[in-house]
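So you can see what is in the structure, the chains are spelled out below.
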Amino acid sequence: MISLPSIIVSLFAFLFTILLVLWRPRGLNEAIPATFGAILVLLSGTVSLTDLAHAAAF
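Residues numbered from 1 in each chain as written. Predicted model: local features only at pLDDT ≥ 70, side-chain atom pairs only at ≥ 80, totals over all residues. Heavy atoms only, no water.

### Topic: the pattern of salt bridges
Using the criterion set out here, one finds 1 salt bridge in the structure. We note a salt bridge from Arg24 to Glu30, for which the minimum N-O separation is 3.2 Å. (Salt bridge = Lys/Arg side-chain N within 4 Å of Asp/Glu carboxyl O.)

### A closer look at the side chain of Thr17
Residue placement: Thr17 occurs in helix α1 (residues 4-23). Residues contacting Thr17, with those up to four places away along its chain left out, are Pro33, Ala34 and Gly37. (Helix = DSSP H or I, 4+ residues; strand = E, 2+ residues; numbered from the N terminus. Contact = heavy atoms within 4.5 Å.)

### Section: unusual backbone geometry
Phi is positive for Arg24, which is not a glycine, with a value near 50 degrees. For Arg26, which is not glycine, the phi dihedral falls at a positive 55 degrees.

This is the structure in structure tokens:
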């Protein structure tokens, strides 16, 4: 079961990533906020390395 703090961190990571991708301050490459958002979701435990391996296998 996913805990409430993990859900909040994941939601924050998603919204912040979308904000930076759409806003693109100073021509920021879209990959940079997407990478940081992905790392944040991994560190929060919402997505495990096993989940990531399953997704990469497709």
